[in-house]
Amino acid sequence: MQRRRGPNFTYVSGCVKYMIFVLNFIFWLSGGLITGIGLYAFIDKWQATGHIKLDTVYDVILNVSLLIALLGSVVFIVSFAGCIGALRENTCLLKFYSLCLLVLFLVEMGGAVCGFVFPRSLHGILENSFTERIVRLYRDDPDLQNFIDFAQKDFHCCGLTSDGYMDWSKNEYFNCSSPSVERCGVPFSCCINATDISSGLVNIMCGYGVQNYPVAEASKRVWTSGCIEIVRSWGERNLYTIATVALGVALSQLFVIYLAKTLEGQIELQKARWQT
């Protein structure tokens, strides 16, 4: 015969508890893996170059390996708090976990609103604040160089701003006053046909002297549009897809926050009942 539950009956849902635990355990492992990869790349670059400049915030933001390690560490710590908080029914860890998710959600929403409301302002800030620093660090930072080459090849762009391929005049290796053989040139990743089909070899000299040509002539050899403009145009063409993915991510975050707050409330009710 089943007992009737009283009006003060409370319980901790095992479904909610272990759902939070499993989700965060997966993110915890992923965060540890990402952190390990970032640290390995950072140490490997340190050993290869002999020094790493971290004097300003820009140096940290533009250091790809260090940024990956920092992001992985954040995921590792937050998911660890959610994992242990759910397993051990620790309300302090659960509050920390739900607060971190809420802050992340608000930051994402703020970034999305700023991106739609102030596109021109953000475009100007990116051009003025980061372009020259990024271009100057090319060749000095192997990770950043690989990232820029990857972006230019995949998005068919050259440089960052509306100046396009002429952005590379700000780099000490590619400006026209440089004693380097690459003066007045651009990286090979800007070239429309950098790879020789017959031999499969990359022609690293394909962008030499391009800055001396007008846009019409240069466009026959290299991509002339800046990557920021290309990415912005790509985002406008795929706006509905991006919005759908962003909405899915946002709803998932809100759902996990709801689960965490639900579990936290159930635990506190149980503790209150034990005390009375």
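Source: prediction; values computed, not measured.

## Some points on the UniProt feature "transmembrane region" (unreviewed entry) in the chain
When the UniProt feature table is mapped onto this chain numbering, "transmembrane region" (unreviewed entry) sits at residues 21-43, 63-84, 96-118 and 239-260. Across residues 63-84, helical content stands at 95% and strand content at 0%; the span's end C-alpha atoms are separated by 32 Å. Counting secondary structure, residues 239-260 comes out at 100% helix and 0% strand; the distance between its end C-alpha atoms is 31 Å.

## Observations concerning the layout of surface pockets
Here the second largest pocket is characterised by a volume of approximately 550 Å³. Lining the second largest pocket are 17 residues, and of these F27, V78, L101, L104 and Q253 sit closest to its centre. Only α1 (14-49), α3 (64-87), α4 (91-117) and α9 (239-275) provide two or more residues apiece to the lining of the second largest pocket. Sort the elements by how many residues they give to the lining of the second largest pocket and α4 lands first, with 6 residues. Grouping the constituent residues of the lining of the second largest pocket by class yields 13 nonpolar, 4 polar and no charged.

## Thoughts on the nonpolar core
Ranked by size, the top nonpolar core spans 22 residues in total, and within it W168, V186 and V222 carry the most contacts. When residues of this core are traced back to their parent elements, those giving at least two are α5 (119-137), α6 (142-155) and α8 (227-237). Discounting residues that sit within four places of it in the chain, V222 has contacts with V186, C190, C191, I192 and V210. Counting residues in each nonpolar core, the second largest holds 13 residues, with I20, Y97, I257 and L259 among its members.

Cut-off values and rules
- Residues numbered from 1 in each chain as written.
- Predicted model: local features only at pLDDT ≥ 70, side-chain atom pairs only at ≥ 80, totals over all residues.
- Heavy atoms only, no water.
- UniProt positions renumbered as here; feature names shortened; annotations may be inferred.
- Helix = DSSP H or I, 4+ residues; strand = E, 2+ residues; numbered from the N terminus.
- 1 Å grid on protein atoms, 1.4 Å probe; cavity = no way out; pocket = protein on both sides within 12 Å on 5 of 7 lines; lining within 4 Å.
- Points joined across faces, edges and corners; volume = space filled by probe spheres on them.
- Nonpolar A, V, L, I, M, F, W, Y, C, P; charged D, E, K, R; others polar.
- Core = buried A, V, L, I, M, F, W, Y, C linked by side-chain atoms within 4.5 Å.
- Buried < 20%, exposed > 50% of the residue type's maximum accessible area, 1.4 Å probe, protein only.
- Contact = heavy atoms within 4.5 Å.

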